[in-house]
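The chain contents come next:
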Amino acid sequence: MTEHRSRLRGLVVTGFSAGILALLAACSSTPEDQNSQAALDKLYADAKADIEAGSYDRAIKTLERIEGRAAGTLMGQQAALDMAWAQYRSGERTAAITTLDRFIKLNPTSAAMDYALYLKGLSNFNEDLGLFGRLAEQDISERDQQASRDALLSFQQLVEQYPESKYSGDARLRIDYITNTLAAYEVHVARYYYNRGAYVAAANRAQQAIQEFQRAPAVEEALFLMMLSYEKMGLKPLRDDAERVLRKNFPDSAHLAGNASKKRAWWRFW
């Protein structure tokens, strides 16, 4: 009997210990399963499927989970880039830029840095005026251009640091577009000042356009506005200098001929 009880106690203790171990194993396996490569691969596949289906909000939430669980890994980097793309595609441009800034800061040597810079440029780049802008015949150069300047910096960094990148060709085209837009914006402001009699401000703004964007089409009008502004201020030497440069670079200028008319804007696609 004593021996039977001893064996029974041993079985009870053994069974109790096995139960505790099983419980501990079950508790500890949950986070391991969630962070396992198989689980992350499944989440990533779901996120990619959502992106392809246009379900960007759901994809973003899934990619946020992956980025958090796979921080410091290649999968975590890929999740961040895909999340930025989904945010960009869903119109959350500010969120996309924030995600990309974080990626660029944390992964300065990433092999995908050229893509990150390109996507950041795209997120700041917007040539569409929107329906109301079109109806009002608003010139894109009349809007605030800070986002365009930010896009220009990203595209320029991409082209300078990764000239052979597959994204650099498109970036160069966008650089030309943005440069022309910014130059037109400066001339628009110069024209605004001139029409209101603020000739000093008009001449300064036109000069700024010429200095920053020497090859832009808007430089022709910038020189003409400088010439007119100096003439209004009675600064004949400066006025003559502006006219000389204008005639040399634009000998057939419609402004000098006095028949400049409002043409279809160079930036219009519609």
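Residues numbered from 1 in each chain as written. Predicted model: local features only at pLDDT ≥ 70, side-chain atom pairs only at ≥ 80, totals over all residues. Heavy atoms only, no water.

**Student:** What's the story with the overall build of the chain in this structure? I'm lost.
**Tutor:** Helix and strand counts for the chain stand at 13 helices and zero strands. Secondary structure elements in the chain, listed N-terminal to C-terminal, are α-α-α-α-α-α-α-α-α-α-α-α-α. Within the chain, counting contacts between residues at least 6 apart in sequence, those at least 24 apart form 56% of the total. For the chain, the exposed surface amounts to about 16,300 Å²; the carbon and sulfur share of it is 54%. (Helix = DSSP H or I, 4+ residues; strand = E, 2+ residues; numbered from the N terminus. Contact = heavy atoms within 4.5 Å. Areas by Shrake-Rupley, 256 points an atom, 1.4 Å probe, with all protein chains shown as cover.)

**Student:** Explain helix 12 (residues 236–249) to me, please; I cannot follow it from the model alone.
**Tutor:** Since the α-helix packs 3.6 residues into each turn, any two residues three or four apart lie on the same face. Between its terminal C-alpha atoms helix 12 stretches 20 Å, which fits the 20 Å expected from 14 residues at 1.5 Å a residue. By the burial criterion, the buried members of helix 12 are Arg239, Ala242, Glu243 and Leu246. Buried positions in helix 12, seen along its axis, are confined to an arc of 95 degrees and lie on one side of it. Residues of helix 12 that are exposed and point more than 90 degrees away from the buried face comprise Pro237 and Lys248. Residues of helix 12 that are buried sit in contact with helix 11 (219–232) and helix 13 (254–257). (Expected span 1.5 Å × (residues − 1). Buried < 20%, exposed > 50% of the residue type's maximum accessible area, 1.4 Å probe, protein only. Arc of directions from axis to C-beta.)

**Student:** I tried to follow helix 11 on my own but got confused; where do I start?
**Tutor:** In this model helix 11 runs 20 Å from its N-terminal to its C-terminal C-alpha over 14 residues, within 8% of the 20 Å that 1.5 Å per residue would give. Burial within helix 11 is extensive, with eleven of its 14 residues counted as buried. Turning to helix 11, its buried residues number three or more, namely Val219, Glu220, Ala222, Leu223, Phe224, Leu225, Met226, Met227, Leu228, Ser229 and Tyr230. On its buried face, helix 11 sits against helix 9 (168–195), helix 10 (199–212), helix 12 and helix 13. With its phi angle positive at about 75 degrees, glycine 234 sits one or two positions after the end of helix 11.

**Student:** Please clarify how the packing of helix 10 against helix 11 should be interpreted in this entry.
**Tutor:** Packed helix pairs are characterised by how far apart their axes lie and by the angle those axes make with each other. Where helix 10 meets helix 11, the closest approach of the two axes is 8 Å, and the angle between their N-to-C directions is 150 degrees. Judged by the inter-axis angle, helix 10 sits roughly antiparallel to helix 11. In the packing of helix 10 onto helix 11, the handedness of the crossing is left-handed. Touching Tyr199, Ala202, Ala203, Ala206, Gln207, Ala209 and Ile210 of helix 10 are Val219, Ala222, Leu223, Leu225, Met226, Ser229, Tyr230 and Lys232, all from helix 11. Grouping the amino acids of the contact of helix 10 with helix 11 by side-chain chemistry returns twelve nonpolar, two polar and one charged. (Axes fitted to C-alpha atoms, helices over the stretch in contact; angles between N-to-C directions. Parallel < 35°, antiparallel > 145°, perpendicular 65-115°, else oblique. Left-handed = near helix turned anticlockwise from the far one by under 90°. Nonpolar A, V, L, I, M, F, W, Y, C, P; charged D, E, K, R; others polar.)

**Student:** Sorry, what's going on with the side chain of serine 229 here?
**Tutor:** Summarising the element assignment, serine 229 is placed in helix 11. Taking the relative accessible area as the measure of exposure, serine 229 reaches 0% and is therefore buried. For serine 229, the contacting residues outside a window of four places in its chain are Tyr194, Tyr199, Ala202 and Ala203.

**Student:** Can you help me understand the environment of arginine 191 in this one?
**Tutor:** Locating arginine 191 in the fold gives a position in helix 9. Placed ten residues apart in sequence, arginine 191 and alanine 201 show a C-alpha to C-alpha distance of 9.8 Å. Apart from the residues lying within four places of it in its own chain, the contact partners of arginine 191 are Glu221 and Leu225. A polar side-chain atom of arginine 191 sits 2.8 Å from a polar atom in the side chain of glutamate 221. (Polar contact = N/O pair within 3.5 Å; in protein donor to acceptor, adjacent residues only side chain to side chain.)

**Student:** For this particular structure, what's the right way to read the nonpolar core?
**Tutor:** A general feature of soluble globular proteins is that nonpolar side chains tend to end up buried together. Leu119, Phe155 and Ile178 are the most contacted members of the largest nonpolar core, which has 49 residues in total. Of all the elements in the fold, those that place two or more residues in this core are helix 4 (74–89), helix 5 (93–106), helix 6 (113–124), helix 8 (146–161), helix 9, helix 10, helix 11 and helix 12. In this structure phenylalanine 155 touches Tyr118, Gly121, Leu122, Phe125, Ala171, Arg174, Ile175 and Ile178, once residues within four positions along its chain are discounted. The next biggest cluster of nonpolar side chains, apart from the first, holds 15 residues, and it includes Ile60, Leu63, Ala70 and Met75. (Core = buried A, V, L, I, M, F, W, Y, C linked by side-chain atoms within 4.5 Å.)

**Student:** When you look at the packing of aromatic side chains in this model, what are you seeing that I'm missing?
**Tutor:** Two measures describe an aromatic ring pair: the distance that separates the ring centres and the angle between the ring planes. This structure, assessed with the given rule, holds eight aromatic pairs. Each ring, one from phenylalanine 125 and one from phenylalanine 155, has its centre 6.4 Å from the other, and the planes form 70 degrees; the classification is edge-to-face. Of this pair, phenylalanine 125 sits in the loop between helix 6 and helix 7 (131–135) while phenylalanine 155 sits in helix 8, and the two are 30 residues apart along the sequence. No difference in accessibility class separates phenylalanine 125 from phenylalanine 155, as the two residues are buried. A ring pair is formed by phenylalanine 125 and tyrosine 177, whose centres lie 5.5 Å apart and whose planes are at 65 degrees; its orientation type is edge-to-face. Here phenylalanine 125 is found in the loop between helix 6 and helix 7, whereas its partner tyrosine 177 is found in helix 9, with 52 residues between them in sequence. (Phe/Tyr/Trp six-rings, centres within 6.5 Å; stacked < 30°, edge-to-face > 60°.)

Geometric values such as these leave the question of function open.
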